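Results of the structural survey
These are the residues of each chain, in order.
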Amino acid sequence: MCIRDRLESYKKAVEFKPDYAQAHNNQAIVLLRLGQNDDAVNSLEKALVHRPDYASAHHNLSGLKKYTKGDTQITKMQSLLSNKSLSQSDQEFLCFALAKAYEDIGMYDELFKFLHKGNQLRSLEINSSLDEYQNNYSIFRKLFRSLPPNIDKPLKYKKAKIRPIFIVGMPRSGTTLVEQIIASHHEVYGAGELDTLTKLINQNIKGLLTTQKKSLTEKYFLSIRQEYLESLSRLDVSENIIIDKWPLNFQYIGFILTAFPEAKIIHLNRDPVATCWSIYKHYFSDKGNGWAYNLEELVEFYGLYTELMNFWRELFPNKIYDLSYEELTINQKKETKKLLAYCELKWDENCLNFHTNKRDVTTASATQVRKKMYQGSSEDWKKYEAHIQPLIDGLKPY
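Reference entry: report on the structure contained in this document. Computed from a predicted structure; not experimentally measured. (Residues numbered from 1 in each chain as written. Predicted model: local features only at pLDDT ≥ 70, side-chain atom pairs only at ≥ 80, totals over all residues. Heavy atoms only, no water.)

The next subject is the overall build of the protein chain. Secondary structure assignment for the protein chain yields 17 helices and five strands. Relative to its length of 398 residues, the protein chain is compact, with a C-alpha radius of gyration of 22 Å against a globular reference of 21 Å. With the principal axes as the frame, the protein chain shows a C-alpha extent of 65 × 45 × 45 Å. Looking at the protein chain as a whole, 53% of its 398 residues qualify as buried. For the protein chain, the share of sequence-separated contacts (at least 6 apart) that also reach a separation of at least 24 residues comes to 74%. For the protein chain, the accessible surface area stands at approximately 19200 Å², while carbon and sulfur atoms represent 48% of it. The centroid of the 54 positive side-chain charges in the protein chain is displaced by 3 Å from the centroid of its 49 negative side-chain charges. (Helix = DSSP H or I, 4+ residues; strand = E, 2+ residues; numbered from the N terminus. Rg over C-alpha atoms; globule rule 2.2 N^0.38 Å. Buried < 20%, exposed > 50% of the residue type's maximum accessible area, 1.4 Å probe, protein only. Contact = heavy atoms within 4.5 Å. Areas by Shrake-Rupley, 256 points an atom, 1.4 Å probe, with all protein chains shown as cover. Lys, Arg positive; Asp, Glu negative; His and termini not counted. Charge placed at Lys NZ, Arg CZ, Asp CG, Glu CD.)

Glycine aside, residues mostly have negative phi, and peptide bonds are mostly found in the trans state. The residue Arg 172 is not glycine, and still its phi comes out positive at about 65°. Along the chain, Arg 172 turns up in the loop between strand E1 (163–168) and helix H9 (175–183).

Below, the discussion takes up the nonpolar core. Ranked by size, the top nonpolar core spans 112 residues in total, and within it Ile 182, Phe 250, Phe 255, Phe 260, Ile 266 and Trp 312 carry the most contacts. It is helix H14 (residues 295–315) that provides the largest number of residues to this core, a total of 11 residues. Setting aside its immediate chain neighbours within four residues, Phe 255 contacts Phe 140, Phe 144, Ile 201, Ile 205, Leu 216, Tyr 220 and Phe 221. Membership of the second largest hydrophobic core comes to 16 residues, among which are Leu 7, Leu 31, Val 41 and Ala 57. (Core = buried A, V, L, I, M, F, W, Y, C linked by side-chain atoms within 4.5 Å.)

With that settled, the discussion passes to the pattern of salt bridges. Across all of its chains, the model carries 18 salt bridges by this definition. One salt bridge connects Lys 11 with Glu 8, and the closest N-O pair in it is separated by 3.9 Å. Pair noted here: Lys 11 and Glu 8 are both in helix H1 (residues 3–16), with a separation of three residues, about one helical turn. On the basis of relative accessible area, Glu 8 is assigned to the partly exposed category, the value being 40%. The shortest N-O distance in the salt bridge between Lys 338 and Glu 335 comes to 3.5 Å. Of this pair, Lys 338 and Glu 335 both sit in helix H16 (residues 332–342), separated by three residues, roughly a single helical turn. Via salt bridges that share partners, Glu 92, Arg 122, Glu 125 and Lys 287 belong to a single interconnected network. (Salt bridge = Lys/Arg side-chain N within 4 Å of Asp/Glu carboxyl O.)

Within the element layout of this structure, Leu 340 appears in helix H16. Judged by relative accessible area, which is 1%, Leu 340 ranks as buried. With 80 residues separating them along the chain, Leu 340 and Phe 260 place their C-alpha atoms 19 Å apart. Residues in contact with Leu 340, not counting those within four places in the same chain, are His 185, Leu 345, Lys 346, Trp 347, Asp 348 and Cys 351.

Within the secondary structure, Asn 353 sits in the loop between H16 and helix H17 (389–395). Asn 353 sits in the partly exposed class, given a relative accessible area of 34%. Separated by 45 residues in sequence, Asn 353 and Tyr 398 have C-alpha atoms that sit 33 Å apart.

In structure tokens form, the structure reads like this:
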């Protein structure tokens, strides 16, 4: 079901049953994805009228409003959180929402009290380890250091009608913004965060290790190429240039550049502290970023990411386009022109007016990309230096 059909379904649901809080909440999520923020706020407020203890709706609303002192929602959330029978997930939602509220009104001690508690609860729930990432990255480096000589040359592949653009980097580094800019081009379709490549590579890597083979063959890469391109064709869109904006695809750059020599890879660079601070403040809806909820693990993961990116750059010189988030916000037109030139796209004025694009945006940055380009977000963390010193110190090498 397409996003607008879903919206119509929720509208019909609340018309039929006006006190259906979950339908109001879900309708708000769809409205947010379509850039209709005021309507989303209205739907969330209705959800909370009919169900005042709806923790998820409180959390969703916190991302859309600017709190002021005396806001009654703050006291309501605190009262809910004091309920000892509250589920762990509801506690998490309320802690992250209260952290946002106290950030807005400048009460930083309270902000960190709830932020640390929310992250601790989420970390306990996910219960993940960095061992898998460390192991995988080590395997990737070994495999690509020992590629057979024939794989060092371009694959014998058929030219595809579809040309993919991969936007990669750390979460919260500006990948959604860059996708919105390029997807505003009339020749490009932004497919959002696709997990197709991750699934293809992971299932094949496991099979490779099971059979004790320690090298990657041309057949292996051609299989990935065929299956991935088939998945893109099933999107059934008119554009031949398709963006895959899954930030953690940085892990698979070697696989991408071998299987798709014609692909464009855009890697976002953003101030390390700004990136990690934004990650730590964020509640990720999926459970794949367990390292994000602990400051020490967050720093350690950033180190793993940096090491792997350095490896890919060394192995594939001049094949990765490094884009500075800060430079983009300061010199929007200049950097946008360079970006489109790298993607072999002609200039399109729509790319400067990306904020007017009404495409479906599914990530947490959906609100930001509906606004004009703004500067200074990478400096926000400096207000909290006293509270995030372990993060600052840990990231100094990067």
